[in-house]
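Coordinate analysis (summary)
Each chain is listed here by its residues.
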Amino acid sequence: MPDGYHYADGEPLKNTADVLDLIGDAWGNGARWVAVPIERLPADFFKLSTGVAGEITQKFANYRIGLAIMGDTTGHAAASDAVRAWMIEANRGEHLWFVRDEAELATRLAARQ
């Protein structure tokens, strides 16, 4: 895996404090990207109307740390046109990606160098 990457396994992210702790850990270790397994996300992350996804992704953007959501997101994309469009647009950008696994993330990060 390229330098500056942090795999964020652990307990589910329950609130903003958990997200800020994760960002602090990444920042302290010099990580430029954090991969969060989909299982760690709050249950309402993919319900865009709740604002949870926006709040979490904005925190990472504010600290200029890329966020990779890692895992199978096909069910979420199939359930909502808005979520699917958001994921497609995010994957075109430079700060938020939805990837299947570490291999896909490694490929994308290597292509940036």
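Each remark here, short or long, concerns the structure printed above.
Please read all numbers here as calculations on a predicted model, not as lab measurements. (Residues numbered from 1 in each chain as written. Predicted model: local features only at pLDDT ≥ 70, side-chain atom pairs only at ≥ 80, totals over all residues. Heavy atoms only, no water.)

As a further point, take the overall build of the chain. Helices and strands together make up the secondary structure of the chain, namely five helices and four strands. Listed N to C, the secondary structure of the chain is β-α-β-α-β-α-α-β-α in terms of helices and strands. Here the C-alpha atoms of the chain give a radius of gyration of 13 Å, agreeing with the 13 Å that 2.2 N^0.38 yields for 113 residues. Taken along the three principal axes of its C-alpha coordinates, the chain extends 35 × 30 × 25 Å. Taken across its 113 residues, the chain has 40% of its residues classed as buried. Counted over contacts in the chain with a minimum sequence separation of 6, partners at least 24 positions apart contribute 72%. Where the 11 positive side-chain charges of the chain centre and where its 16 negative ones centre are 6 Å apart. (Helix = DSSP H or I, 4+ residues; strand = E, 2+ residues; numbered from the N terminus. Rg over C-alpha atoms; globule rule 2.2 N^0.38 Å. Buried < 20%, exposed > 50% of the residue type's maximum accessible area, 1.4 Å probe, protein only. Contact = heavy atoms within 4.5 Å. Lys, Arg positive; Asp, Glu negative; His and termini not counted. Charge placed at Lys NZ, Arg CZ, Asp CG, Glu CD.)

Here we take up the packing of aromatic side chains. Under the counting rule described, the total for this entry stands at six aromatic pairs. With 5.0 Å between their ring centres and 80° between their planes, Phe45 and Phe46 make a pair best called edge-to-face. For the pair Phe45 and Trp86, a centre-to-centre distance of 5.9 Å together with 50° between the ring planes defines the contact as tilted. Here Phe45 is found in the loop between strand 2 (33-37) and helix 2 (52-62), whereas its partner Trp86 is found in helix 4 (residues 81-92), with 41 residues between them in sequence. For Trp86, a relative accessible area of 22% translates into the label partly exposed. Through a chain of ring-to-ring contacts, the aromatic side chains of Phe45, Phe46, Trp86 and Phe98 assemble into a single cluster. The ring of Trp97 carries Arg108 above its face, with NZ or CZ at 4.0 Å from the centroid. (Phe/Tyr/Trp six-rings, centres within 6.5 Å; stacked < 30°, edge-to-face > 60°. Lys NZ or Arg CZ within 6 Å of the ring centre and 35° of its normal.)

Relative to the helices and strands, Ile65 is located in the loop between helix 2 and strand 3 (66-70). For Ile65, a relative accessible area of 2% corresponds to the buried category. When the C-alpha positions of Ile65 and Gly28 are compared, they lie 12 Å apart, and in sequence the two are 37 residues distant.

Along strand 2, five of the five residues are buried, which leaves the element largely enclosed by surrounding structure. The two faces of strand 2 match: Trp33, Ala35 and Pro37 on one face and Val34 and Val36 on the other face are all buried. Alignment of strand 1 (residues 5-7) against strand 2, held across three bridges, turns out to be parallel. When the sheet's bridge partners are listed, Tyr5 is paired in strand 2 with Trp33. Once the chain exits strand 1 it traverses helix 1 (residues 16-28) before rejoining the sheet at strand 2, and the crossover so formed is right-handed. In terms of strand pairing, strand 2 meets strand 3 through five bridges, oriented parallel. Among the inter-strand pairings, Val36 is bridged to a residue of strand 3, identified as Ile69. (Pairing = 2+ DSSP bridges. Right-handed = clockwise from strand over helix to strand, strands pointing away.)

Before going further, it helps to examine the side chain of Arg40. By the secondary structure assignment, Arg40 is in the loop between strand 2 and helix 2. No salt bridge is formed by the buried Arg40. Its closest oppositely charged neighbour is Asp9, at 6.0 Å. Within the structure, Arg40 has its side chain in polar contact with the backbone oxygen of Glu11 (distance 2.6 Å). Filtering out sequence-adjacent residues up to four positions away, Arg40 remains in contact with Ala8, Asp9, Gly10, Glu11, Pro12, Leu13 and Leu22. (Salt bridge = Lys/Arg side-chain N within 4 Å of Asp/Glu carboxyl O. Polar contact = N/O pair within 3.5 Å; in protein donor to acceptor, adjacent residues only side chain to side chain.)

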